[in-house]
Each structure stands twice: as C-alpha cells, then as structure tokens.
Amino acid sequence: MSVKVYAPASIANISVGFDTLGAALAPIDGTLLGDTVSIEAIDTGVTLVVKGPWAHKLPTDPKENIVYQCAEFFIYQLTDKSAFTGGIKLTLEKNLPVGSGLGSSASSVVAALYALNEYFSTPFTEADLLLVMGKFEGQISGSVHYDNVAPCYLGKMQLILNGKSQVCDAIPNFNQWYWVMSYSGVSLSTAKMRQLMPDQYDKSIAIEFGRYLSTFVHASYKQDEALAVDALQDVLAEPYRAAAIPGYMEAKTALQIMGMLATGISGSGPTLFSITNSLEKAEQAKAWLDKHYLNDENGFSHVCRIDPKGVRII
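These figures come from a predicted structure and were not determined experimentally.

Q: So what exactly am I meant to see when it comes to the pattern of salt bridges here?
A: Charged atoms that come close allow side chains of opposite charge to pair. This model, assessed by the stated rule, comprises 5 salt bridges. Asp 35 serves as the salt-bridge partner of Lys 94, at 2.5 Å between the closest nitrogen and oxygen. One end of the pair, Lys 94, is in the loop between strand E6 (87–93) and helix H2 (104–119); the other, Asp 35, is in strand E4 (residues 34–42), with 59 residues separating them in the sequence. An identical accessibility class is assigned to Lys 94 and Asp 35; each is buried.

Q: Please clarify how the pairing of E4 should be interpreted in this entry.
A: When a strand is regular, its side chains alternate between the sheet's two faces. Relative to E4, strand E1 (residues 2–8) is paired through 7 bridges, and the arrangement is antiparallel. For Pro 8, the partnering residue across the bridge sits in E4 and is Gly 34. As paired strands, E4 and E6 are joined by 7 bridges and run antiparallel to one another. Bridge pairing links Ala 41 to Ile 88 in E6.

Q: Is there a simple way to explain helix H9 (residues 248–258) in this structure?
A: Structural remark: α-helix, 3.6 residues per turn; residues separated by three or four positions point the same way. Where H9 is concerned, the buried positions are Tyr 248, Ala 251, Ala 254 and Leu 255. Down the axis of H9, the sector holding all buried residues measures 130°, keeping them to one side. Residues of H9 that are exposed and angled more than 90 degrees away from the buried face: Glu 250, Gln 256 and Ile 257. Packing partners of the buried residues in H9 comprise helix H8 (238–241), strand E10 (262–265), strand E11 (272–276) and helix H10 (279–292). Immediately beyond the C-terminal end of H9, within one or two residues, lies Gly 259, with a positive phi of roughly 100°.

Q: Explanation requested: the sheet that holds strand E13 (residues 312–313) in the structure shown.
A: Strand order across the open sheet formed by 5 strands is E5-E6-E4-E1-E13, with mixed pairing between neighbours. Strands at the two margins of the open sheet, each flanked by one partner only, are strand E5 (45–51) and E13. Where E5 and E6 come together, 7 bridges link them in parallel fashion. Bridging across to E6, Gly 45 finds its partner in Gly 87. In the packing of H2 onto the sheet, contacts are made with E1, E4, E6 and E13, and the angle to E4 comes to roughly 30°.

Definitions and cut-offs
- Residues numbered from 1 in each chain as written.
- Predicted model: local features only at pLDDT ≥ 70, side-chain atom pairs only at ≥ 80, totals over all residues.
- Heavy atoms only, no water.
- Salt bridge = Lys/Arg side-chain N within 4 Å of Asp/Glu carboxyl O.
- Helix = DSSP H or I, 4+ residues; strand = E, 2+ residues; numbered from the N terminus.
- Buried < 20%, exposed > 50% of the residue type's maximum accessible area, 1.4 Å probe, protein only.
- Pairing = 2+ DSSP bridges.
- Arc of directions from axis to C-beta.
- Contact = heavy atoms within 4.5 Å.
- Axes fitted to C-alpha atoms, helices over the stretch in contact; angles between N-to-C directions.

Here's what the structure looks like:
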C-alpha cells in the first residue's frame, strides 16, 4: 500500500483576524502551492526522504524533522493497539519556503498526519486529528494556533472558535475575489515576528480589533463586499511588523493606487496578499509585484482563489 497527500498553502490573520482567521489557497493556473507527503511500506523502521526546492532549509537529521516526529507519534499510538508491523518510508516534498507567511510548517504537518491517518485506516477522527495537527505545528511556530492548520486541513476560510466541542468553522468567502499572493524571497521567523508585537494593548485598540473582526464576519455572511473591504484593517500586527518586511509599505501604497481593494500581511510575512474582484487587475498587480517586490530568484507571486478542498490524496 502507498499514499500521497497534498496540503495547500494558507493565509493566516487576513488583517482583521489575528490567530482567528485563515484561508486555504489555490492558484488559478493549477499550480499545487503546498507540500506533499507520500508513504510506502518497507520491511522495518521509519525512514524519511526530503526533496523539493526548499529541502535544504530543513534539518539534515531526519529525527529533527517535524514529519518524522509525526510518524513517531503515530506509530507510538498504534503500537499500543498492536496495529503496526513492518515499517514505512515517508517522502516529504518541500514546496513551500520556510518562514514565508504561507503556512509552510502547517502544510508539512497536515500533509504528514493526514497521510499517516489514511495509510493506517483512519484511527483518528477528523476532530481529533485537527487537535494533533495544531499541537505539532505549534512546536515549530512557538504556540498552538489553528489559523493555518485548520484551512490547510479543511479548506475554505476558517474562523477559529476554540470551543470545547469545535475548534473552527468555515465562513462564506467572496467567490469573486482574486487573492494576489507575493512572497518576496526573504525568510522571517514566525516566533521573532510575534515578539515585535506588544505584550499589552490599549483598551481602545482591543475594541477596534473586535469591531473590525465582527464586521468582516458579518459582511461575509451578508456577502456585502464593500462592508467587508472597509473592515479589512489590521490594528494588532501590521503597525509593528510592517517596518520589518522589506518593501512592504511601498508595495501596499502602489497596490492601493492601482485600485486593489485591500492589501495586508499574510501570516507574519514577508508574503503579502492583495485582493481584487478583477482578474485583469490581479494580473497587473502580480506583474508589478514580480518586478518591484521580489527580493531575489527565490521569490514568487500567484493569483489565487480560496481553495475549497484543503488537504487531499493525489
């Protein structure tokens, strides 16, 4: 038996929803923007092969790789039930840059755990597997939050609830929107970017954050595009992170002049997102970003839609 799984890139925060909103991404040209993990049977033990354009950014010792650690966890769980004999070989194709703001660690974790769950005949329920995914992704990013993991796993735009019985739920997205995603090529540590933010906020900022988030969710259900666009204001993270992302403010200003509906930081950056309801304008924005925002040959831009599927077998 063998299985191969693809887990899409994701955008977290979406300006108004720090640690609370996330969405899976699907480039309109059909590019699979995300990591893949494949599993096949071997005689004994666990082995991991890492390949892909960003493999060199990962630990050289397989045991330090989060995908290997996911496999160890799974096998430990199964050993108690005498359900595992033989061995497995995992192959991680690392297609997402590390520290990009595209949910790179979430993509690897979701692909690995979903593939393992499928390979071993789904011992975990969907809800339980999501909790495990959050735990493992948190080991990399520094804290457990589901705004990348949940959309990568389940697709769509996810509102993080953290309820006792439900971690998240999908909210309606604007199907007419194109999301231009541009990764500059610079790597930024999620943990370090979180440290740029203050430990405490003034009460007025907390109220403003709540107002923008609730307005955006309300507008999403009403499908009121103008109201949603007005609400896409980042008062928690962008004021403290923008200066640490080379070229971000210049790009945001240029995209606003171009007529894009809204622009923000994807996750902790340096990837930015910019929204429009015009494919022509999206292509114009992509061309500008390719020329002016990309730092080196490692950078890239994609015109995307929200991916309704999330992780899947390919």
